[in-house]
Amino acid sequence: MVLHGGALRLNLLVNSNHFYKFTSFVGVRSFSEKVLSKPETASASETTGDHLIYTQQHFALKESLRKIIDQEINPHVDQWEAEGKFPAHKVFKILGSAGFLGVNKPVEYGGLGLDFSYSVAVSEELGNIRCGGIPMAIGVQTDMTTPALARFGSAELKKEFLLPSVMGDKVACLGVSEVGAGSDVSSIRTKAVRKGDEYVINGGKMWTTNGTQADWMCLLANTSDGPPHRNKSLICLPMNLPGVHIARKIEKLGMWSSDTAEVFFDDVHVPCKNIIGQEGMGFTYQMLQFQEERLWAVANIVTMMDNIIQETIQYTGQRKIFKQPVLYHQSVHFRLAELQTEVELLRSLLHRATALYIKGNDVTKLASMAKLKGGRLAREVADTCLQYWGGMGFTNDVMVSRFYRDSRLMSIGAGADEVMLGIICKYMDTLPKK
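Residues numbered from 1 in each chain as written. Predicted model: local features only at pLDDT ≥ 70, side-chain atom pairs only at ≥ 80, totals over all residues. Heavy atoms only, no water.

1. Digging into the overall build of the protein
In plain terms, the rule: The helix and strand labels rest on DSSP assignments: H or I over at least four residues marks a helix, E over at least two residues marks a strand, and numbering proceeds from the N terminus. Only protein chains enter the accessibility calculation, which uses a 1.4 Å probe; a residue is then buried when its area is under 20% of its type maximum, exposed when over 50%, and partly exposed in between. Residue contacts are counted whenever heavy atoms from the two residues lie within 4.5 Å of one another. Only the protein chains shown count as cover for residues, with accessible areas throughout obtained via the Shrake-Rupley method and a probe of 1.4 Å.
Counting its secondary structure elements, the protein contains 14 helices and eleven strands. Taken across its 434 residues, the protein has 55% of its residues classed as buried. If you take every contact in the protein between residues at least 6 apart in sequence, the share linking residues at least 24 apart comes to 72%. Carbon and sulfur atoms make up 54% of the accessible area of the protein, which totals about 19,300 Å².

2. A short note on helix α10 (residues 282–318)
Basically, it comes down to this: How far a helix is expected to stretch is found by multiplying one less than its residue total by 1.5 Å.
Here α10 contains 37 residues, and its C-alpha end-to-end distance of 54 Å stays within 8% of the 54 Å for a straight helix at 1.5 Å per residue. Burial of α10 is extensive: 26 of the 37 residues sit out of reach of the surface.

3. As for the environment of Asp362
Condition: In the analysis that follows, any N or O atom pair within 3.5 Å is treated as a polar contact, provided that within protein one partner can donate a hydrogen and the other can accept it, and provided that, for residues neighboring in sequence, both atoms belong to side chains.
Structurally, Asp362 can be placed in the loop between α11 (330–357) and α12 (364–388). Excluding residues that lie within four positions of it along the chain, Asp362 makes contacts with Gln291 and Tyr427. In this structure the side chain of Asp362 is engaged in a polar contact, spanning 2.6 Å, whose partner is the side chain of Thr364.

4. Section: the pattern of salt bridges
Side chains that differ in charge, positive against negative, can pair when their charged atoms come close. The line we're drawing: Whenever Lys or Arg places a side-chain nitrogen within 4 Å of a carboxyl oxygen from Asp or Glu, that contact is recorded as a salt bridge.
A full pass over the atoms with the stated rule returns 22 salt bridges. When the shortest N-O distance is used, the salt bridge between Arg66 and Asp70 registers 3.3 Å. Of this pair, Arg66 and Asp70 both sit in helix α3 (residues 56–73), four residues apart, which is roughly one turn of that helix. Residue Arg66 is classed as partly exposed on the basis of its relative accessible area, which comes to 33%. Classification of Asp70 as partly exposed rests on a relative accessible area of 39%. The partner of Lys93 in a salt bridge is Asp169, and the shortest N-O contact between them spans 2.8 Å. One end of the pair, Lys93, is in helix α5 (residues 88–97); the other, Asp169, is in the loop between α9 (155–167) and β3 (172–175), with 76 residues separating them in the sequence. Exposure remark for Lys93: the relative accessible area of 31% places this residue in the partly exposed category. On the accessibility criterion, Asp169 (44% relative accessible area) is partly exposed.

5. Quick look at the environment of Tyr404
Here Tyr404 lies in helix α13 (residues 399–406). For Tyr404, a relative accessible area of 40% gives the class partly exposed. Placed 25 residues apart in sequence, Tyr404 and Arg379 show a C-alpha to C-alpha distance of 7.1 Å. If we ignore the near neighbours within four places in the chain, the residues touching Tyr404 are Ala382, Asp383 and Leu386.

6. Here's the deal with the confidence of the model for the protein
Under the convention used in this document: Note: pLDDT gives the predictor's confidence per residue, expressed from 0 to 100.
Residue-level pLDDT values for the protein average 90, and 89% of them are 70 or greater. Contacts for the low-pLDDT stretch residues 1–46, under 50 throughout, to residues beyond four places or in other chains number 83 contacts.

7. Regarding the nonpolar core
Quick note on the threshold: Only buried Ala, Val, Leu, Ile, Met, Phe, Trp, Tyr and Cys residues count toward a nonpolar core, and they belong to the same one when joined by side-chain atoms within 4.5 Å.
Ranked by internal contacts, the top residues of the largest apolar core, which has 47 residues, are Ile129, Ile134, Ile201, Leu237 and Phe265. Within the second largest apolar cluster, 44 residues are counted, among which are Tyr54, Leu386, Trp389 and Val400.

8. A closer look at helix α14 (residues 417–428)
Operational definition: In this description, one arc is meant: the one made by directions from the helix axis to the C-beta atoms.
The terminal C-alpha atoms of α14 lie 16 Å apart, and with twelve residues this matches the ideal 16 Å at 1.5 Å per residue to within 8%. Considered for burial, the residues of α14 that qualify are Asp417, Met420, Ile423 and Ile424. Burial along α14 is one-sided: seen end-on, the buried residues are contained in an arc of 120°. Facing away from the buried surface of α14 by more than 90 degrees, the exposed residues are Glu418 and Lys426. The secondary structure elements touched by the buried residues of α14 are α10 and α12. At the C-terminal side of α14, Asp429 shows a positive phi close to 60°.

9. Description of the side chain of Ser97
The topology assignment puts Ser97 in helix α5. Judged by relative accessible area, which is 14%, Ser97 ranks as buried. A polar contact of 2.9 Å, which involves the side chain of Ser97, links it to the backbone oxygen of Lys93.

10. Some thoughts on the packing of α10 against α13
The condition is simple: To get an axis, fit a line to the C-alpha atoms, keeping to the stretch in contact for a helix; angles then go from 0 to 180 degrees between the N-to-C directions. Throughout, a crossing is termed right-handed when the near helix is turned clockwise from the far one, and left-handed when it is turned anticlockwise from it by less than a right angle. By the convention adopted, Pro, Cys, Tyr, Trp, Phe, Met, Ile, Leu, Val and Ala count as nonpolar, Lys, Arg, Asp and Glu as charged, and the other residues, Gly among them, as polar.
Two numbers describe how α10 lies on α13: the axes approach to 10 Å, and their chain directions differ by 145°. Crossing of α10 against α13: the hand is left-handed. Note on element contacts: α13 touches α10 through Met399, Val400 and Phe403, opposite Ile301, Met304, Met305, Ile308 and Glu311. For the contact of α10 with α13, the class distribution of residues is seven nonpolar, no polar and one charged.

11. Focus: the packing of aromatic side chains
To be explicit about the condition: Working definition: a ring pair exists when centres of Phe, Tyr or Trp rings (six-membered ring for Trp) sit within 6.5 Å. Plane angles under 30 degrees give stacked, over 60 give edge-to-face, the rest tilted. To sit over a ring, a charge needs its Lys NZ or Arg CZ within 6 Å of the ring centre and within 35 degrees of the ring normal.
Counting across every chain of the model gives seven aromatic pairs. Between Tyr54 and Phe59, the ring centres sit 5.7 Å apart and the planes meet at 85°, which makes this aromatic pair edge-to-face. Given the relative accessible area of 23%, Phe59 is considered partly exposed. Three or more aromatic residues link up through ring pairs in this structure, and these residues are Trp80, Phe86 and Phe92. Lying across the ring of Phe290, Arg294 places its NZ or CZ 4.5 Å from the centre.

12. Some points on the pairing of strand β6 (residues 216–222)
Let me state the cut-off plainly: Think of it this way: DSSP has to see at least two bridges between two strands before they count as a pair.
Of all seven residues making up β6, seven are buried, and the element is well covered by its neighbours. A two-sided burial pattern is seen for β6, the buried positions comprising Trp216, Cys218, Leu220 and Asn222 on one face and Met217, Leu219 and Ala221 on the other. Strand direction decides the pairing type here: β3 and β6, joined by four bridges, are parallel. Opposite Leu174, over in β6, you have Cys218 as the bridge partner. Pairing between β6 and strand β7 (residues 232–238): seven bridges, direction antiparallel. By the bridge assignment, Ala221 is partnered in β7 with Ser233.

In structure tokens:
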């Protein structure tokens, strides 16, 4: 087996569900020494031993990622927010070299070969980044563009696109949404017509995260004129091909540091071998990707809500009104207690869904419920906490205002609230009969 990676890269050797050891390369102290040899304190036992899905290794992984966030990302967030873009190739290479872009991807393609619970742990930790745009861009790379490729793609495709994406050498974007076909994926109009051993692609994609910096796109396109749920395919499309046009970088309400593009395809020729899995199965593959995408998004925003509530507690404990701290008013501390309770309930739903998912269960209903609740609760937390910050909350100088802008996307992206409700109703068998 060939081991890939740089000085910080971690290689996790696992057998079934049993963790054996972490090893690190090129002069970095053995991770297994740090994780497995350290005496466990009472607090550590309470943290790891009683957790529904996390082990000591999950928490060690989170700790390592937090150091990268604190040293390599957060010091630059304000600058990247102001510039409207973060250096994706630089940041992804740092994360990829340390193993964080492929924790649940196959070892032979640069991943760590762990189960999806480790991806959830990573997403939770990425919630400590001081904006929403960068975690979202990372999530596109790890849990939106690559799950289907890792699961159904050919060995050749994985070597060309999955391996460099996991290593942080290539930036990926997802081409699903279009003007008039956002949450309604079955209505996309981009076509890939087969001519010989190539597909000729025409159409366009909208709201493409990482679109101005991406090296390749996981593209969903119509490859036949059959029924809308059986005529679509996922295709690995290099973004430097003739006929691929970045029409514009979209200015957004929030997620400022994440570049979002409108992309057009004008007679773009792609080899037929670039199709992921079977032709016509793209819609199904994309729906499977959505399970991981939605759980990942919930994990990320749960941490952000924790942080916003805690920062609000600290601020209202100092800010005085009517001769006492704002926090001392019963309506304030009671409301913050209610919000923290809601966050904990959402976290429990997330971890339950994750535990079922890694055992092979279909968690579409639970993932949809978590996504729905996450979007609505984020709006509630953002609005309530911003109110308690008073005039400061209406400035760009504090995190709560950034969260207010960024979190609004949670109820829109990756399936709007109304789509989540429709999915839940389908599983409840309460939809009107046709």
